[in-house]
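Breakdown of the fold
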Amino acid sequence: MSAITAEGVRPKKKLSPRKRAQRTRIAQYGVLVLLVVVAALFIDGRQVVAVFFRPDMVAKTISVRLPLAFFNTIAYTAGAFVVGLLGGTVLALMKLSQVGPYRWLATIYTEFFRGVPALIVLLAFGLLPLALPGLKIPLDPYGTVWTGLGLVSAAYMSETIRAGIQAVPKGQIEAARSLGMSSGMATRRIVLPQAFRIVTPPLTNEMVLLTKDSSLVYVLGLTTNGYDLTKFGKDLSNTYANVTPLVIAGLSYLVITLPLTFLVRKMEARQARSK
Amino acid sequence: MSVEVQKIPTGNREDEIQVYDLHKSFGDLEVLTGIDLVVHRGEVVCVIGPSGSGKSTLLRCINLLEQPTKGRIFILNDEITDPDADVDHIRTLMGMVFQSFNLFPHLTALENCTVALTQVKKLSAAQARAVGMENLHKVGLGDRGDSYPLQMSGGQQQRVAIARALSMDPELMLFDEPTSALDPELVGDVLSVMRDLAAGGMTMMVVTHEMAFAREVADRVIFMDGGVIVEQGPPAEVIGNPKEERTRTFLRRVLDPTHLDTPDDEKSATSDRSGPPEAPIEGRPHRSRLFGL
């Protein structure tokens with residue numbers, strides 16, 4: 001019925017699908033060109049470069065402590081990842097436990113730390129010594145950062161790892177048990193190695209997120225030597241009233257995260273092939 | 001029932017598997033309703049029957065992959081259904097081969113064979129390797145030890161799975177439809193490995209749809225339907241000349257699949273059937289082994 005109306009009312013305007021796609025494409029290019037023209041007309045390029053990418057500021061940023069901040073960011077992330085991985089594995093096993101209270105505890109933990117901003121967790125964590133006066137986390141500041149960030153990432157990773165464990169076919173456990181392996185042995189030797197193979201791409205993604213989240217550690221009140229990339233860039237930017245140090249800091253994150261994302265894509269492609 | 005139950009367990013080491021009054025339900029669904037069964041040392045028992053008849057469940061109950069609802073099961077006079085039983089140990093006495101192979105994909109063929117040897121039997125890596133290689137040779141895959149399961153054909157994978165089970169040096173082997181997931185041209189290799197095993201005197205319980213194999217290799221064929229053992233005996237009797245109507249109906253469908261398409265044949269076929277679907281094999285050379293029952 002609609003076909004009849006369409007033909008009857010405006011028979012000339014009916015375009016072939018290919019024609020229509022072509023016109024849409026032309027319109028899209030048009031918008032793009034327009035945007036570039038407007039940008040060129042209204043933005044003073046030299047001013048922008050002077051604020052965001054001043055050559056002498058670039059040199060200054062790179063020479064002053066950038067390597068240390070870069071190292072700190074990597075160290076914070078790597079340590080927190082290890083803590084998160086261990087915690088996440090324990091939580092995942094708890095979630096799959098036969099013992100009800102373990103499951104509940106793990107679920108409460110996960111929902112709490114996933115639902116609360118990481119910034120608040122870190123803030124509270126920094127004030128923990130007030131509540132527990134004797135508490136002294138070793139390897140300051142790394143220990144504090146690793147635990148604080150690790151607690152949060154454990155919550156996220158536990159869900160991923162749980163899904164990975166459940167993705168291992170039941171027949172694998174049955175085969176292991178039929179060979180006389182105990183349940184724990186089957187989990188350690190057969191299930192977990194396969195589960196981690198499955199979750200390596202999502203966990204690497206988690207590492208990318210963690211790299212960026214490590215920028216929150218400034219709330220823990222770090223000394224200059226403990227500055228991460230963000231805090232380092234922000235301080236320099238404030239001092240010189242210029243955005244260049246922050247831009248450099250941002251680009252430094254890309255140096256870490258882009259290879260990771262690339263790695264994830266390769267791993268996912270390989271997994272897709274082997275299926 | 002041909003199994004006379006006098007003493008539980010019989011106490012005879014030759015009675016490797018003893019099953020008494022086995023029941024298994026999944027929720028409201030009763031899958032096994034009272035199975036009594038003794039499998040003797042060196043005996044090859046093939047379990048046949050329509051899908052859903054409970055034959056796989058029976059096999060899985062025997063090594064406690066399924067927890068029976070009721071009943072007792074003894075393996076070499078150790079009760080595996082005893083709540084205090086060392087189930088892990090009793091399981092090392094029986095190898096299990098699955099329909100879907102269930103090889104460990106993250107381990108090589110050889111490592112599949114050795115992982116339980118080093119972990120469970122606490123063998124050294126070198127000892128385990130020797131045992132694993134020996135069993136891979138036995139199934140004709142001595143040169144594929146370093147291959148990963150996914151690099152192998154289905155038939156090869158299933159043979160690795162048999163080698164893996166054999167590596168634990170089990171007293172008996174359970175096969176759960178070992179060839180059902182295989183392409184037809186790969187079935188033969190697996191069956192010939194199983195034939196060799198049987199000839200070597202291994203106690204075997206095989207759930208299968210391979211009637212020719214059952215006829216040729218089995219000492220006893222068990223026909224199950226509706227969660228009970230309907231009929232059992234030598235293959236020449238159960239497959240060659242079945243007494244029960246249910247067995248006849250099943251065999252007709254399996255041996256002549258065209259009947260599936262013409263359900264009307266069921267009634268007429270019963271009456272005009274002049275003989276068994278295939279002539280019983282006579283004068284089969286007997287291997288030197290205990291012939292059960």
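Presented here is a report on the structure given in the accompanying data block.

Rules used throughout
- Residues numbered from 1 in each chain as written.
- Chains lettered and ligands numbered in written order.
- Predicted model: local features only at pLDDT ≥ 70, side-chain atom pairs only at ≥ 80, totals over all residues.
- Heavy atoms only, no water.
- Helix = DSSP H or I, 4+ residues; strand = E, 2+ residues; numbered from the N terminus.
- Contact = heavy atoms within 4.5 Å.
- Phe/Tyr/Trp six-rings, centres within 6.5 Å; stacked < 30°, edge-to-face > 60°.
- Buried < 20%, exposed > 50% of the residue type's maximum accessible area, 1.4 Å probe, protein only.
- Lys NZ or Arg CZ within 6 Å of the ring centre and 35° of its normal.
- Buried area = accessible area lost by both parts, 1.4 Å probe.
- Salt bridge = Lys/Arg side-chain N within 4 Å of Asp/Glu carboxyl O.
- Arc of directions from axis to C-beta.
- Pairing = 2+ DSSP bridges.

Digging into the overall build of chain B
Of the regular secondary structure elements, chain B holds 10 helices and 10 strands. Pairs at least 24 apart in sequence give 66% of the contacts found in chain B among residues at least 6 apart.

Considerations on the packing of aromatic side chains
For the structure on display, the rule yields 6 aromatic pairs over all chains. With a centroid separation of 5.5 Å and 50 degrees between ring planes, the pair formed by tyrosine 76 of chain A and tyrosine 142 of chain A is classed as tilted. With a gap of 66 residues between them, tyrosine 76 of chain A in helix α5 (residues 66-95) and tyrosine 142 of chain A in helix α9 (residues 142-167) connect regions that are remote in the sequence. Each ring, one from phenylalanine 223 of chain B and one from phenylalanine 250 of chain B, has its centre 5.3 Å from the other, and the planes form 40 degrees; the classification is tilted. Placement of the pair is phenylalanine 223 of chain B in strand β9 (residues 220-225) and phenylalanine 250 of chain B in helix α9 (residues 245-255), with a sequence separation of 27 residues. Judged by its relative accessible area of 0%, phenylalanine 223 of chain B falls in the buried class. Three or more aromatic residues link up through ring pairs in this structure, and these residues are Tyr76, Tyr142 and Trp146 of chain A. When the ring centre of phenylalanine 104 of chain B is taken as reference, the NZ or CZ atom of arginine 164 of chain B above it lies at 4.5 Å.

Things to note about the interface of chain A and chain B
Where the parts come together, the accessible area they lose is often given as the size of the interface. With 19 residues of chain A at the interface, the matching set in chain B holds 23 residues. When chain A packs against chain B, close to 1800 Å² is buried across both sides, 61% of that on carbon and sulfur atoms. Sorting the residues of chain A by area buried against chain B places Glu174, Ser178 and Leu179 of chain A first, and these three jointly supply 33% of that buried surface. Taken together, the links from chain A to chain B amount to 2 salt bridges.

A short note on the pattern of salt bridges
Across all of its chains, the model carries 21 salt bridges over all chains by this definition. A salt bridge links aspartate 88 of chain B to arginine 177 of chain A; the shortest N-O distance between them is 3.2 Å. On the criterion of chain membership, the pair formed by aspartate 88 of chain B in helix α2 (residues 87-92) and arginine 177 of chain A in helix α10 (residues 170-178) is interchain, its members lying in two chains. Note on arginine 177 of chain A: relative accessible area 21%, which makes it partly exposed. Linking aspartate 235 of chain A and lysine 231 of chain A is a salt bridge whose minimum nitrogen-to-oxygen distance equals 3.6 Å. Here aspartate 235 of chain A and its partner lysine 231 of chain A are both found in helix α12 (residues 229-240), 4 residues apart, which amounts to about one turn of the helix. In this structure aspartate 235 of chain A comes out as partly exposed when scored by relative accessible area, which is 28%. One salt-bridge network, in which partners are shared between bridges, spans Lys170 and Glu174 of chain A together with Arg60 and Glu66 of chain B.

Let's talk about the environment of proline 184 of chain B
Relative to the helices and strands, proline 184 of chain B resides in helix α6 (residues 184-199). Each C-alpha atom of the pair proline 184 of chain B and leucine 103 of chain B lies 20 Å from the other, and the pair is 81 residues apart in sequence.

Structural notes on helix α4 (residues 55-63) of chain A
Residue and element names in this part refer to chain A. Residues Met57, Val58 and Thr61 constitute the buried set of α4. What you see down the axis of α4 is that its buried residues fit within an arc of 105 degrees, all on one side. Of the exposed residues in α4, those oriented more than 90 degrees away from the buried face are Pro55 and Ser63. Downstream of α4 by one or two residues, arginine 65 has phi in the positive range, about 60 degrees.

Thoughts on the pairing of strand β8 (residues 203-207) of chain B
Residues and elements named next belong to chain B. Most of β8 is tucked away, with 5 of its 5 residues classed as buried. A two-sided burial pattern is seen for β8, the buried positions comprising Thr203, Met205 and Val207 on one face and Met204 and Val206 on the other. Two strands pair when backbone bridges link them, and strand β3 (residues 44-48) and β8 are joined in this way by 4 bridges, in the parallel orientation. Across the sheet, valine 45 pairs through a bridge with methionine 205, a residue of β8.

All we've got here are geometric facts, nothing functional implied.
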